Amino acid sequence: MTTEQPRLLIKNGILIDGSGHDPITNTLVVAEGNRITHVGPAGSSVRPESPEDRVIDATGKFILPGLIDAHCHISLHQGALPGVRYTSSAEFCTLWAARAIGRVLRAGVTSIAVPGGKWFTDVTVRETVDGGLLEGPRMVVAGRALSNYGGIFDPDPYPAYDGTPNDAAGVLCNTRDEFIRETRKQCKRGVDLIKIADSTWGDVQTVAEDEIAAVVDEAHRHNVKVAIHSRGSTSTRAAVKAGIDLIYHADLATEADLDIVAKAGMPIAPVLTSPWVGVEHGAAARGFGDRVRDRLRAQLDTSFQMIRNARDRGIPILSGSDTGNASAFAHGKWHGKEAELFVKKIGMTPMEAIVANTGGNASIMNLEGEVGVIAPGRLADIVIWNNDPLADITVLQRPSEISVIIKDGRLIGES
Ligand SMILES: [Zn+2]
């Protein structure tokens, strides 16, 4: 990514900068190399245009930071492909992942957190993108999810096996020592994030507080963050006490639990899109029966209320889609859905929802002050949309409405 790039001038567009500031019409955004160097009114004084510059006329268009998806799997699920016998092999998994990241990027998503996948595929894909071999978003990745008996990644169906097959997305850890050992192994292999998996629905707490604390201690010594799949009340409380960095879901967190979360300053990523897709498309896409759909619908209603309560307490709410979780969550399709649910179900303003998907999500990327906001000095991750997401938040779900994607100062789709 070090080859000489022309200076980039984006002229005349309407800037929604990702910080929550009111939109600014008629702007000039300049990027040099991989950084934004100037944001100001059209005609503001920068070095005069030269024929070497790349000029984009964004008249009537909307300039936003690249979207950040705080929950996007890349290698968790592979579809069947005629002629491929072992779709769960490390080899096929890697090819699948390499294809998937391009689709994510072309949906306007320039950064993702990957909370769990197979093998160490996602680490390698991240390294490959960073090295310039593949075009893809910035990635913060976990390895296999650490799960004990009854956790969401404890592989079923029983009694086919006990333990975890090598191609599972979870790895069974049933003692404190096993949690520590797996954390250490994953840190050595270069993960940015450890994912702990509590129970599927949150009705029981499967991971003990001291196990979570042991993982946090080990991971933090390696400068690696820890996230947990926690739908339950007690598991959320335990995760906070153990000093976790991010809670996914937290559906059943009571107001008292949320007081503790707020006091600790921990973010919650509710991932509403995942049950929403299950309710709306589960029957066709995943063969869900009425019972599963009813359960998901009830879970979704609980989550909506919980996240309203979290918002009232000023808890940072991160936005993630659970893309790539299963075949219904196609890469590139659902990244903008969470913003719509935030607006229509939680009561956020469209601007708040945009911030949740840009500047507000930067913390999970370990890139606060670097991505998510368009301002001088920030990394040049920019998407230009044809229509106004403040007027219609669903614009963010339609890659067809994207005019230009820029990552690291470079136009995507051009070499
Ligand atoms: Zn997930």
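Nothing here was measured: the structure is a model prediction, and the numbers come from that model. (Residues numbered from 1 in each chain as written. Predicted model: local features only at pLDDT ≥ 70, side-chain atom pairs only at ≥ 80, totals over all residues. Heavy atoms only, no water.)

1. Describing the pairing of strand E11 (residues 193-197)
Phase 1: Judged by how many residues are buried, E11 sits mostly within the fold: 5 of 5 residues are covered.
Phase 2: By the alternation rule, side chains of E11 split into Leu193, Lys195 and Ala197 and Ile194 and Ile196, which are all buried.
Phase 3: Relative to E11, strand E9 (residues 145-147) runs parallel, the two sharing 2 bridges. For serine 147, the partnering residue across the bridge sits in E11 and is alanine 197.
Phase 4: Looking at chain direction, E11 and strand E12 (residues 225-230) are connected through 5 bridges and run parallel. Paired with leucine 193 across the bridge in E12 is lysine 225.
Phase 5: Taken together, E11, helix H4 (residues 209-221) and E12 form a β-α-β motif whose crossover is right-handed. (Buried < 20%, exposed > 50% of the residue type's maximum accessible area, 1.4 Å probe, protein only. Helix = DSSP H or I, 4+ residues; strand = E, 2+ residues; numbered from the N terminus. Pairing = 2+ DSSP bridges. Right-handed = clockwise from strand over helix to strand, strands pointing away.)

2. Examining the pattern of salt bridges
Phase 1: Under the definition given, this model contains 23 salt bridges.
Phase 2: A salt bridge links glutamate 218 to arginine 184; the shortest N-O distance between them is 2.8 Å. Taken together, the residues span a long stretch of sequence, with glutamate 218 in helix H4 and arginine 184 in helix H3 (residues 176-189) at a distance of 34 residues.
Phase 3: Between arginine 231 and aspartate 251 there is a salt bridge whose closest N-O contact spans 2.9 Å. With a gap of 20 residues between them, arginine 231 in the loop between E12 and helix H5 (233-241) and aspartate 251 in the loop between strand E13 (246-249) and helix H6 (255-264) connect regions that are remote in the sequence.
Phase 4: Residue classification places arginine 231 among the buried residues on the basis of a relative accessible area of 7%.
Phase 5: Ionic contacts of the salt-bridge type, sharing partners, join the residues Arg126, Glu127 and Asp192 into one network. (Salt bridge = Lys/Arg side-chain N within 4 Å of Asp/Glu carboxyl O.)

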